[in-house]
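# Commentary on secondary and tertiary structure
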Amino acid sequence: ESETISLASITYQNFFLLYKKLSGMTGTALTEEQEFKKIYDLSVIPIPTNKKVNRLDEQDVVYKSLYAKWKAVLKECLEIHYQGRPILVGTSSVENSEIISSLLR
């Protein structure tokens, strides 16, 4: 039972600051450039991709109600499923995962 007792805690930011050197790679650091500079005194250097991006960025869709949103998500999931294509649905919470799971049953 002594293994479960916390003797200290530290935030990730302060933990990382214990190191003399920090580095990393991510696709989202550029949007948080000011935070990296303020907290870690680090610069963010973007490195261009070696191939042309062929992703199609479509416009955001805003729904009048939560019901309409879930209905649209279900419709798109079913369309993709009927084409025999795999689909990964990401949600912002466990509760939302359970909702979409129950809709897909």
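Just above, that's the structure.
Residues numbered from 1 in each chain as written. Predicted model: local features only at pLDDT ≥ 70, side-chain atom pairs only at ≥ 80, totals over all residues. Heavy atoms only, no water.

## Let's talk about the overall build of the chain
Helix and strand counts for the chain stand at four helices and zero strands. In terms of overall size, the chain is more extended than a compact globule, its C-alpha atoms giving a radius of gyration of 21 Å where 105 residues would be expected to give roughly 13 Å. With the C-alpha coordinates aligned to their principal axes, the bounding extent of the chain is approximately 55 × 50 × 30 Å. Burial analysis of the chain (105 residues in total) assigns 7% to the buried set. Counting contacts in the chain only where the partners sit at least 6 residues apart, residues at least 24 apart contribute 32% of the total. Surface summary for the chain: the accessible area is close to 10600 Å², and the carbon and sulfur share equals 55%. Between the averaged position of the 13 positive side-chain charges in the chain and that of its 13 negative side-chain charges there is a distance of 8 Å. (Helix = DSSP H or I, 4+ residues; strand = E, 2+ residues; numbered from the N terminus. Rg over C-alpha atoms; globule rule 2.2 N^0.38 Å. Buried < 20%, exposed > 50% of the residue type's maximum accessible area, 1.4 Å probe, protein only. Contact = heavy atoms within 4.5 Å. Areas by Shrake-Rupley, 256 points an atom, 1.4 Å probe, with all protein chains shown as cover. Lys, Arg positive; Asp, Glu negative; His and termini not counted. Charge placed at Lys NZ, Arg CZ, Asp CG, Glu CD.)

## What to know about the environment of G27
Considering the arrangement of structural elements, one finds G27 in the loop between helix 1 (12-16) and helix 2 (33-40). Through-space distance from the C-alpha of G27 to that of L42 is 16 Å; in sequence the pair is 15 residues apart.

## Observations concerning the packing of helix 3 (residues 66-82) against helix 4 (residues 94-104)
Put simply, helix 3 and helix 4 touch, their axes get as near as 10 Å, and they point 55° apart. One finds that helix 3 runs oblique with respect to helix 4. Helix 3 and helix 4 meet at a crossing whose hand is right-handed. Each of W70, V73, L74 and C77 in helix 3 lies in contact with helix 4, whose residues at this interface are N96, I99, I100, L103 and L104. Residue classes in the contact of helix 3 with helix 4 are distributed as eight nonpolar, one polar and no charged. (Axes fitted to C-alpha atoms, helices over the stretch in contact; angles between N-to-C directions. Parallel < 35°, antiparallel > 145°, perpendicular 65-115°, else oblique. Left-handed = near helix turned anticlockwise from the far one by under 90°. Nonpolar A, V, L, I, M, F, W, Y, C, P; charged D, E, K, R; others polar.)

## Concerning unusual backbone geometry
If you check the backbone angles, D41 has positive phi at about 55° while not being a glycine. Locating D41 in the fold gives a position in the loop between helix 2 and helix 3. Classification of D41 as exposed rests on a relative accessible area of 57%.

## Observations concerning the pattern of salt bridges
Using the criterion set out here, one finds three salt bridges in the structure. The shortest N-O distance in the salt bridge between R55 and D57 comes to 2.8 Å. R55 sits in the exposed class, given a relative accessible area of 59%. The partner of K75 in a salt bridge is E79, and the shortest N-O contact between them spans 3.0 Å. Taken together, the positions of K75 and E79, both in helix 3 and four residues apart, correspond to about one turn of that helix. (Salt bridge = Lys/Arg side-chain N within 4 Å of Asp/Glu carboxyl O.)

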